[in-house]
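Spelled out, the chains give:
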Amino acid sequence: MTSTDPTALPDPWQSLHQLLAAMDAEIEQVYVERGIEGVRPRFAYPLIRLAHTGPLTIRELAESLNRSHSAISQTIAAMRKEDLVTSEPGPDARTRRINLTERGRSLVPFLEAEWRATHATVAELDGEIPYAMTAVVDEVRRALEHRSMRERILHHITEPPQ
């Protein structure tokens, strides 16, 4: 243990996490105002994709959404609890195919409209702020391609004496 607690310093990620959580909460509030209970914003992408592709395995769905298998597996479990998807045996004993329930299918038109409205909102916000969020994300990505997060951390890390 070191002499000072590094977590006592302000967390540089906190404001970004809080902003994303607040934006998600506002999207979820739109759902609630429309009488849609139990649906989280993170459900929209897989529900819309499944509506357009038909049943997929978790791996296929994760790859099509460019998300991790673990993240999609957790999302599918939460969506199953809300009666949005079902799973059935896949092509082999190790896989399950995920399909929309009637409830899940009935929500897709609204979720597609919300998806488009959210994209329009992000574009609107990009026009209102000095540095567009989408441009900042692209700039950070390019900077990390030049010199990775790992390389940058290793440059700054000071190993404790043994």
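The rules behind the values
Residues numbered from 1 in each chain as written. Predicted model: local features only at pLDDT ≥ 70, side-chain atom pairs only at ≥ 80, totals over all residues. Heavy atoms only, no water. Helix = DSSP H or I, 4+ residues; strand = E, 2+ residues; numbered from the N terminus. Rg over C-alpha atoms; globule rule 2.2 N^0.38 Å. Buried < 20%, exposed > 50% of the residue type's maximum accessible area, 1.4 Å probe, protein only. Contact = heavy atoms within 4.5 Å. Lys, Arg positive; Asp, Glu negative; His and termini not counted. Charge placed at Lys NZ, Arg CZ, Asp CG, Glu CD. pLDDT = per-residue confidence, 0-100. Axes fitted to C-alpha atoms, helices over the stretch in contact; angles between N-to-C directions. Parallel < 35°, antiparallel > 145°, perpendicular 65-115°, else oblique. Left-handed = near helix turned anticlockwise from the far one by under 90°. Nonpolar A, V, L, I, M, F, W, Y, C, P; charged D, E, K, R; others polar. Pairing = 2+ DSSP bridges. Salt bridge = Lys/Arg side-chain N within 4 Å of Asp/Glu carboxyl O.

Novice: Any chance you could explain the overall build of the protein here in plain terms?
Specialist: When its secondary structure is counted, the protein shows seven helices and three strands. Ordered by position from N to C terminus, the α and β elements of the protein give α-α-β-α-α-β-β-α-α-α. At 20 Å, the protein has a C-alpha radius of gyration far larger than the 15 Å of a compact globule built from 162 residues. Projected onto the principal axes, the alpha-carbon positions of the protein cover approximately 60 × 45 × 30 Å. Out of the 162 residues in the protein, the part that is buried amounts to 23%. Considering only contacts in the protein between residues 6 or more positions apart, those separated by 24 or more positions represent 44%. Charge separation in the protein, taken as the distance between the mean sites of 19 positive and 24 negative side-chain charges, equals 7 Å.

Novice: Explain the confidence of the model for the protein to me, please; I cannot follow it from the model alone.
Specialist: Do not read the predicted coordinates in detail wherever pLDDT is low. Mean pLDDT for the protein: 93, with 99% of residues reaching 70 or above. Across the protein, the element-wise mean pLDDT spans from 91 in strand E2 (residues 85–89) up to 97 in helix H2 (residues 41–53).

Novice: For this particular structure, what's the right way to read the packing of H2 against helix H5 (residues 102–128)?
Specialist: To characterise two packed helices, one gives the angle between the axes of the helices and the distance between these axes. Two numbers describe how H2 lies on H5: the axes approach to 10 Å, and their chain directions differ by 120 degrees. For the element pair H2 / H5, the angle class is oblique. Crossing geometry of H2 relative to H5 is assigned as left-handed. Residues Ala 44, Tyr 45, Leu 47, Ile 48, Ala 51 and His 52 of H2 touch H5, and the partners they reach there are Val 108, Leu 111, Glu 112, Glu 114 and Trp 115. In the contact of H2 with H5, the residues fall into eight nonpolar, one polar and two charged.

Novice: How do you make sense of the sheet that holds strand E1 (residues 56–57) when you look at a structure like this?
Specialist: The strand order across the open sheet built from three strands is E1-E3-E2, with neighbouring strands paired in antiparallel fashion. With partners counted over all chains shown, the strands left at the sheet margins are E1 and E2, one partner each. As paired elements, E2 and strand E3 (residues 96–100) share five bridges and run antiparallel to each other. Bridging from a neighbouring strand, Val 85 pairs with Leu 100 of E3. Against the sheet, H2 contacts E1, E2 and E3, and its axis sits at roughly 95 degrees relative to E3. Packing of helix H4 (residues 69–81) onto the sheet brings it into contact with E2 and E3, and relative to E2 it is tilted by some 115 degrees.

Novice: Help me out: how do you make sense of the side chain of Glu 114 in this one?
Specialist: Tracing the sequence through the fold places Glu 114 in helix H5. No salt bridge is formed by the buried Glu 114; the nearest opposite charge belongs to Arg 116, separated by 10 Å. Contacts of Glu 114, omitting those with residues within four sequence positions, involve Ile 27, Tyr 31 and Ala 44.

Novice: Help me understand unusual backbone geometry, please; the structure alone is not making it clear to me.
Specialist: One can expect most non-glycine residues to show negative phi and most peptide bonds to be in trans. With a phi close to 60 degrees, Asn 66 is a non-glycine residue in the positive phi region. Within the secondary structure layout, Asn 66 lies in the loop between helix H3 (58–65) and H4. Positive phi is not limited to glycine here, since Asp 83 has a value of about 60 degrees. Considering the arrangement of structural elements, one finds Asp 83 in the loop between H4 and E2.

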